[in-house]
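Geometric and topological summary
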Amino acid sequence: MLAVKNLTDTKTTFSRDARLMGTGFDFKLVTDNPAWALERIEEAIAEISRIEKLLSTFNEDSSISQINRNAGVAPVRVDAETYRLIDRALQISTLTYGTFDIAYGIPQNEEDGGVAVATKTKSLKKKISLTNYTNIVLNETKQTVFLKNKAMRISLSAIGRGYAADRAKVVLQMQGVSSGVIIFGSDMLTWGLQPGNTPWTIGAADAGKVGEVYSQMDISNMALSTSYNAAPINSNMQINNATGFPVSAIKSVSILAPTAEMAGAMTAPMFSMGINTALYMVNKLNQIACVVIDDHERVYTSKHIQL
């Protein structure tokens, strides 16, 4: 478990909470002017609300909804912001061997009552192969997105909150906020320094040992995303969906990255990869680090982290 250190022990750190994109956002800005800070937070909230509307599948006018309606029919020209986000999502899919995927399949008829059309393993694998990220076609010149199969849909929910937090940070920085933290769910994004010019840090701890911190880590100007395996862990039951082979049982994963978008996108795939493959992947990347805890409370870190 990762706990924020020294966020509220100074009168020059001002906060406001808001419910956005289905989760709680906590904004903490360092300044000597609370009224000004609260105005800046309102601007950040407005930006996140804009992103939510832009990416929502419940908004029939959004580019995502238009892409989904035209699956298997025709390419859809989208706004530059959505196009770039989808493009980056596909790059992450390639990087994570397809364990991160914004594409998913739906029933091709209404008679199955929402049950997957393919019921046998062989048929299901074929269906998945037709509805995964490799069947999303981008045309950079025309700025279009095309889903090759009618049974395909895409959702940016796995990457949207992180992207929204990144955009809120940009808005705050453009308005002169030189230091702050945005916390949303189990993720956070930091920039600048704490009051007293000390780095923002986190304390790494065992969730079963309340208040016992075994290490601290500097997270200034970085994003941190943590995911937990809420289900009972049985290493014999942890299966890689792509290969069918068991993988190491992981209890929690924390990713440290330059952006909240990247940090949030990289956590979930590591559960499917297993510890060895996940660490191997992270160790090849620049500016990304991770902490993994398995079901025996053993801690594994990438080469960029020393606990």
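Criteria and cut-off values
Residues numbered from 1 in each chain as written. Predicted model: local features only at pLDDT ≥ 70, side-chain atom pairs only at ≥ 80, totals over all residues. Heavy atoms only, no water. Pairing = 2+ DSSP bridges. Helix = DSSP H or I, 4+ residues; strand = E, 2+ residues; numbered from the N terminus. Axes fitted to C-alpha atoms, helices over the stretch in contact; angles between N-to-C directions. Phe/Tyr/Trp six-rings, centres within 6.5 Å; stacked < 30°, edge-to-face > 60°. Buried < 20%, exposed > 50% of the residue type's maximum accessible area, 1.4 Å probe, protein only. Contact = heavy atoms within 4.5 Å.

Describing the sheet that holds strand 10 (residues 187-191)
Sheet architecture is open: eight strands sit in the order 2-3-9-10-13-14-15-16, paired in antiparallel fashion. At either margin of the open sheet sits one strand with a lone partner, and together these are strand 2 (13-20) and strand 16 (299-301). Each neighbouring strand pair of the sheet contributes to a mean axis angle of 15°, computed without reference to strand direction. In terms of strand pairing, strand 10 meets strand 13 (residues 223-228) through three bridges, oriented antiparallel.

Observations concerning the packing of aromatic side chains
One pass over the full model with this rule turns up two aromatic pairs. Relative to Phe 27, the ring of Phe 25 has its centre 6.2 Å away and its plane inclined at 20°; by these criteria the two rings are stacked. As far as the burial class goes, Phe 25 and Phe 27 line up, both buried. With a centroid separation of 5.2 Å and an interplanar angle of 10°, the aromatic rings of Phe 25 and Phe 184 are classed as stacked. Of this pair, Phe 25 sits in strand 3 (residues 23-30) while Phe 184 sits in strand 9 (residues 180-184), and the two are 159 residues apart along the sequence. In this structure, Phe 25 and Phe 184 share a single accessibility class: buried. Three or more aromatic residues joined by ring pairs form one cluster here, namely Phe 25, Phe 27 and Phe 184.

As for the side chain of Thr 144
With respect to the helices and strands, the residue Thr 144 is situated in strand 7 (residues 144-147). Filtering out sequence-adjacent residues up to four positions away, Thr 144 remains in contact with Pro 75, Val 76, Arg 77, Tyr 83, Val 137, Leu 138 and Asn 139.

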